[in-house]
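Examination of the molecular architecture
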Amino acid sequence: MPGRMGKERGRQERTPVVWMVIHGAIASAFGIAAGLAIDWFPEQGASQAGPIDHLYDVLIWVSVPVFVTVMIIVLFSVQNFRMRPGEENLDGPPIHGNTRLEIIWTAIPAVILVVLCAYAWIVLKDIEEAKAGEMRINVIGQQFAWSYEYPQSNGNPIKSNQLYLIKDQPVRFNVKALDVIHDFWVPAFRLKIDAVPGIATRYRVTPNRLGTYPVVCAELCGLGHSVMRSTATVVSRDAFDKWIAERKAPAQTADGGAPDAKKLFTDGNGAATACGGCHTLADAGTSSTTGPDLDKVLPDMSAKEIEQSIVKPDAEIAPGFEAGLMPKNYGDTLSSKELDALVKYLGEAAGK
Ligand code: CUA
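Quantities reported herein were computed from a predicted structural model and do not represent experimental measurements.

Concerning the pairing of strand β10 (residues 229–235)
- Of all seven residues in β10, six are buried, a share of seventy percent or more.
- Sheet topology note: the strand β4 (residues 163–166)/β10 ladder contains four bridges and is parallel. Residue L163 lies in a different strand from β10, and its bridge partner there is A232.
- As paired strands, strand β9 (residues 211–217) and β10 are joined by six bridges and run antiparallel to one another. What sits directly across from G211, in β10, is V234.

Set out below in structure tokens:
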């Protein structure tokens, strides 16, 4: 008789375990399917994006069942072992731990962690490997703009507020900061790294898809952090060579005509560091209040003063604004023709 009772007790204890495993498997399957179906990331713009997205998918495969297991046990415990009316003053049964269970719940997560860390390390090592014939680009972060330098054989780098990259050409970014910590992030490439004053950080990328992708500052760096944006334009080698040649002769525009100053104001020279990202100017349709309202301050300024406030922004500060908010490198990154056109446009457009 005792034998039969033992068998029955065993069957009763197994039933909820079977129930939990079945429901856990169903919930995990739904969770994994949903996790894989959702587009978490933007388009892949570099060869590094594929392995990173795959790593993310593997993390979903592993972490959803872990989450579901914990939740099922919690729900099961709430259902069966919760305090019921009249039990407020009762102590629970005296339990002194379960060594076998503790070993299991320590060993399984440890194995999962070690395997995932090893996999992630392999992916990172693969991505960060130096490629033959890398192109070097210096990335400079400052409040609140990105600028880029293309080292040239004559020692004078070509400076730009725009980031142009060649499709299928490996790049090594050397990232620097001039004031506080920023973070150079191109979501389409999946990579980002802090720009830290005093040290050079770097990462490698091989753009493999033509297009224009947002560059974001991913480190809270001050008042203009949210407008510290730029774009990375991936072009063919021919288009890049043409663009670099234009930068070498910055006084000339492609068609020989005057630069479009309103476009310069709203988009930057290309897309980076646009004045309109921080300043209100009715004529250009911008309304940001990070910097002074140009419709109010410009009508009292001469062309000389306007030029100085672009090139040496901290020489004179409008009331209510702090020094150091505006990038100090416009004198370098705008060509003289662009600067002239901008000053002329601002003198005419302000207060209209
Ligand atoms: Cu620079 Cu945030």
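Here the narrative resumes.
Comments concerning the pairing of strand β8 (residues 201–205)
- Extensive coverage of β8 is indicated by the burial of four of its five residues.
- As defined by bridge partners, strand β5 (residues 171–177) adjoins β8 across five bridges and the pair is classed as antiparallel. For N174, the partnering residue across the bridge sits in β8 and is R202.

What to know about the pattern of salt bridges
- Scanning the model with the defined rule gives six salt bridges in all.
- We note a salt bridge from R190 to D53, for which the minimum N-O separation is 2.7 Å. Of the two residues, R190 sits in the loop between β6 (182–186) and β7 (191–195) while D53 sits in helix α2 (residues 49–81), which places them 137 residues apart along the sequence.
- Since its relative accessible area comes to 12%, D53 is described here as buried.

Brief notes about a nonpolar patch on the surface
- On the surface, V66, F67, V70, M71, V74 and V78 cluster together into a nonpolar patch covering about 500 Å² of accessible area.
- Its place among the elements puts V66 in helix α2.

Topic: α2
- Helix length check: α2 (33 residues) gives 47 Å between terminal C-alpha atoms against 48 Å at 1.5 Å per residue, within 8%.
- Turning to α2, its buried residues number three or more, namely A49, I52, D53, L55, I60, V64, V68 and I72.

Comments concerning the confidence of the model for the protein chain
- On average, residues of the protein chain score 85 in pLDDT, and 91% of them reach the 70 mark or higher.
- Long-range and interchain partners of residues 1–6, a stretch whose pLDDT sits below 50, account for zero contacts in this model, where long-range means more than four residues apart.
- Segment residues 250–254 is flagged for pLDDT under 50; beyond a separation of four residues in sequence, or across chains, it makes eight contacts in the model.

Here's the deal with the nonpolar core
- Judged by nonpolar contacts, the single largest core of 40 residues is most densely connected at Y150, F173, F184 and F189.
- Excluding residues that lie within four positions of it along the chain, F184 makes contacts with V139, W146, Y148, L163, F173, V175, L191, K192, I193, Y203, V215 and V216.
- Counting 20 residues, the second largest nonpolar core, distinct from the first, contains A261, L281, L298 and L339.

Rules used throughout
- Residues numbered from 1 in each chain as written.
- Predicted model: local features only at pLDDT ≥ 70, side-chain atom pairs only at ≥ 80, totals over all residues.
- Heavy atoms only, no water.
- Buried < 20%, exposed > 50% of the residue type's maximum accessible area, 1.4 Å probe, protein only.
- Helix = DSSP H or I, 4+ residues; strand = E, 2+ residues; numbered from the N terminus.
- Pairing = 2+ DSSP bridges.
- Salt bridge = Lys/Arg side-chain N within 4 Å of Asp/Glu carboxyl O.
- Patch = residues over 30% accessible without salt bridge, like charges linked within 9 Å, V, L, I, M, F, W, Y side chains within 5 Å.
- Areas by Shrake-Rupley, 256 points an atom, 1.4 Å probe, with all protein chains shown as cover.
- Expected span 1.5 Å × (residues − 1).
- pLDDT = per-residue confidence, 0-100.
- Contact = heavy atoms within 4.5 Å.
- Core = buried A, V, L, I, M, F, W, Y, C linked by side-chain atoms within 4.5 Å.

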